[in-house]
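Structural characterization, general
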Amino acid sequence: MILPNENYPVWHPYTQMKGAEIIPIARGEGARLYSQNGEEYIDAISSWWTNIHGHAHPHIANAIFKQATSLEQTIFAGFSHEPALLLAQKLLNRIPFHQKVFYTDNGSTAVEVALKMALQFWSNQGIRKSKVVCFRDAYHGDTFGAMSMSARGVFTQAFQPMLFDVIFLDTPHMDNEEEVIAQYLQLIQADKNQEIAAFIFEPLVLGSAGMLIYHPQLLDRLLEISKQYNILAIADEVMTGFGRTGEFLATDYCKNKPDIICLSKGITGGFMPFAATTCTQYIYDAFYSDEKTKMLFHGHSYTANPLGCAAGIASLELFEVENTFKNIDRISQSHKKFADQLKTYTGVKNIHTCGNYFAHGVSDFRKFRVSPSHSR
Ligand SMILES: *Cc1c(COP(=O)(O)O)cnc(C)c1O
């Protein structure tokens, strides 16, 4: 354990440094982390939900090494490279209703790009739409746009005057589905000049809000309504992507599809800071023009970093060869068993699990709701 003193050079995220106790990690293997003096930790939070195939997986490690010895980084405006194209193709194979991939390097920027895509999509067509609908308990990241579209609270309080207004929709849970749908329709009706540009949501699970789970059928209805009223649907799959809810994407449980999807965290199997925002052809087409000013005004120095691309490709290969979905099945079964066991403990409340119950064609998800109450 490190107790940082005034000579400690690092400032840790989401950490009050005064009195902080920091665990120095030396090594990772599979689901475990090992500290400098050999203590063993189960990485139950998957290193902030990034790790997919276990720590230091040799297939991904080797792919990064190989890429690093040929091309480690290049400007991506006006230049391209094989790993970027290959990864885009592999992602789009998993998201067949999308046609384009825009790379960045973390979840917050994937969300910023999604928002800018949605807003400029309308503005490029000369249509005035700039309002955004979000869930009341949402978390979409730490940059200003992402914060603006997230729950207001202690995380955002100091920045409150700088955050733009959004329209909040009650967070759905298992007992308020009809109310949420009615509320969505109401706020659309109240938007007399049809200025709502987009609806952004964490599909099925609101992670940072406390793993709040809601049913895919409800999401399907919200997506349907969005389509009906010309509101772009942005799925923030930063946490739920890459098999976290049983399917490859959480929105895979829905018939109606989002126009824009944000991916990060698991995209490289947890190896590299990397992200992608994917979209449909019609979003892209609104930017495709003889006018230079209609291009998407966004880019980062490390956009499409080849090492990130190589890790992403290798991680997706593991989805194909390592029975990853069988493992997800196995893990979700044991979560269910463990949740049943925990239910008998009086000191434990609010147990959530969705695993792949949706995937097993369970129409009444209520049956699997372990937690009787909904609270933060
Ligand atoms: C973690 C997270 C983000 C932000 O991603 P960072 O890489 O931490 O910036 C955005 N949306 C959701 C749903 C997340 O879980």
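As a starting point, this report considers the structure included with it. (Residues numbered from 1 in each chain as written. Predicted model: local features only at pLDDT ≥ 70, side-chain atom pairs only at ≥ 80, totals over all residues. Heavy atoms only, no water.)

**A short note on the side chain of Thr277**
- By the secondary structure assignment, Thr277 is in strand β12 (residues 275-279).
- Thr277 gets classed as buried once you look at its relative accessible area, which sits at 0%.
- At 2.9 Å, the side chain of Thr277 forms a polar contact with the backbone oxygen of Ala110.
- With residues up to four places along the chain from it excluded, the contact list for Thr277 reads Lys100, Val101, Phe102, Ala110, Val113, Ala114, Met117, Ile260 and Ile261. (Helix = DSSP H or I, 4+ residues; strand = E, 2+ residues; numbered from the N terminus. Buried < 20%, exposed > 50% of the residue type's maximum accessible area, 1.4 Å probe, protein only. Polar contact = N/O pair within 3.5 Å; in protein donor to acceptor, adjacent residues only side chain to side chain. Contact = heavy atoms within 4.5 Å.)

**Concerning the site of the ligand**
- Neighbouring residues of the ligand: Trp49, Asn106, Gly107, Ser108, Tyr139, His140, Gly141, Glu202, Asp236, Val238, Met239 and Lys265.
- Asn106 places a side-chain nitrogen or oxygen 3.3 Å from an oxygen atom of the ligand.
- Protein burial of the ligand: of its 380 Å² of free accessible surface, 83% is covered by the chains.
- Here the residues of the shell around the ligand are counted per class, giving four nonpolar, five polar and three charged. (Near = heavy atom within 4 Å. Areas by Shrake-Rupley, 256 points an atom, 1.4 Å probe, with all protein chains shown as cover. Nonpolar A, V, L, I, M, F, W, Y, C, P; charged D, E, K, R; others polar.)

**Some thoughts on helix α3 (residues 82-94)**
- Under the 1.5 Å per step criterion, the end-to-end length of α3 is 19 Å for 13 residues, consistent within 8% with the ideal 18 Å.
- Those residues of α3 that sit buried are Pro83, Ala84, Leu87, Ala88, Lys90, Leu91 and Leu92.
- The secondary structure elements touched by the buried residues of α3 are α2 (58-68), β4 (100-104), β11 (260-263), β12 and α9 (306-321). (Expected span 1.5 Å × (residues − 1).)

**Some remarks on the side chain of Gln120**
- Along the chain, Gln120 turns up in helix α4 (residues 107-124).
- In this structure the side chain of Gln120 is engaged in a polar contact, spanning 3.5 Å, whose partner is the backbone oxygen of Lys294.
- With residues up to four places along the chain from it excluded, the contact list for Gln120 reads Phe287, Thr293, Lys294, Met295, Leu296 and Phe297.

**A short note on the sheet that holds strand β3 (residues 40-42)**
- As summarised here, the arrangement of the three strands in space is β1-β2-β3, forming an open sheet in which the pairing is antiparallel. The sheet is open, and its two borders are formed by β1 (25-29) and β3, each paired with just one other strand. Taken over all neighbouring pairs, the strand axes of this sheet differ in orientation by 25° on average, direction set aside.
- Sheet topology note: the β1/strand β2 (residues 32-35) ladder contains four bridges and is antiparallel. Its bridge partner lying in β2, Gly28 is registered against Leu33. (Pairing = 2+ DSSP bridges. Axes fitted to C-alpha atoms, helices over the stretch in contact; angles between N-to-C directions.)

**Topic: a nonpolar patch on the surface**
- Taken together, the side chains of Tyr14, Ile45, Trp48, Val154 and Phe155 define a hydrophobic patch exposed on the protein surface, amounting to about 600 Å² of accessible area.
- Note on placement: Tyr14 falls in the segment before β1. (Patch = residues over 30% accessible without salt bridge, like charges linked within 9 Å, V, L, I, M, F, W, Y side chains within 5 Å. Salt bridge = Lys/Arg side-chain N within 4 Å of Asp/Glu carboxyl O.)

**What to know about the packing of aromatic side chains**
- Taken as a whole and judged by the stated rule, the model has 14 aromatic pairs.
- Plain terms: the ring middles of Tyr103 and Phe274 are 5.3 Å apart, the flat faces sit at 50° to each other, and that makes the pair tilted. In this pair, Tyr103 is assigned in strand β4 and Phe274 in the loop between β11 and β12, connecting sequence segments 171 residues apart.
- Given a relative accessible area of 3%, Tyr103 falls into the buried group.
- Taken together, the aromatic side chains of Phe135, Tyr184, Phe199, Phe201 and Tyr214 make up a single cluster linked through ring pairs.
- The aromatic ring of Tyr34 is capped on one face by Arg27, whose charged end is 4.3 Å from the ring centroid.
- The ring of Tyr284 carries Lys100 above its face, with NZ or CZ at 4.5 Å from the centroid. (Phe/Tyr/Trp six-rings, centres within 6.5 Å; stacked < 30°, edge-to-face > 60°. Lys NZ or Arg CZ within 6 Å of the ring centre and 35° of its normal.)

**What to know about the sheet that holds strand β5 (residues 131-135)**
- With mixed pairing, seven strands are arranged side by side in an open sheet as β4-β12-β11-β10-β7-β5-β6. On the outer flanks of this sheet lie β4 and β6 (167-169), each paired with one strand and no other. In this sheet, adjacent strand axes meet at a mean angle of 20° when their direction is disregarded.
- Pairing between β5 and strand β7 (residues 196-201): four bridges, direction parallel. From the neighbouring strand, Cys134 faces β7, where its bridge partner is Ile200.
- Packing of α3 onto the sheet brings it into contact with β4, β11 and β12, and relative to β4 it is tilted by some 120°.
- The strands that helix α7 (residues 216-228) touches are β5, β7 and β10 (232-236); relative to β7, the one it contacts most, it runs at about 165°.

**As for the environment of Asn176**
- Residue placement: Asn176 occurs in the loop between β6 and α6 (177-190).
- Taking the C-alpha atoms as reference, Asn176 lies 24 Å from Asp165; in sequence the two are eleven residues apart.

**Regarding the nonpolar core**
- Residues Phe135, Tyr184, Phe199 and Phe201 are the most contacted members of the largest nonpolar core, which totals 53 residues.
- In contact with Phe135, not counting residues within four places along its chain, are Phe168, Leu169, Asp170, Thr171, Pro172, Phe199, Ile200, Phe201, Glu202, Leu206, Tyr214 and Leu222.
- The next biggest cluster of nonpolar side chains, apart from the first, holds 29 residues, and it includes Ala118, Ala146, Ile283 and Phe287. (Core = buried A, V, L, I, M, F, W, Y, C linked by side-chain atoms within 4.5 Å.)

**Considerations on the pairing of β2**
- In this structure, the hairpin formed by β1 and β2 is closed by a connection of two residues, where Gly30 is found at a positive phi of approximately 55°.
- Sheet topology places β2 next to β3; three bridges connect them, and they run antiparallel. Pairing of Leu33 across the sheet is with Tyr41, part of β3.
- Hairpin connection of β2 to β3: four residues between the antiparallel strands, including Gly38 at a positive phi of 85°.

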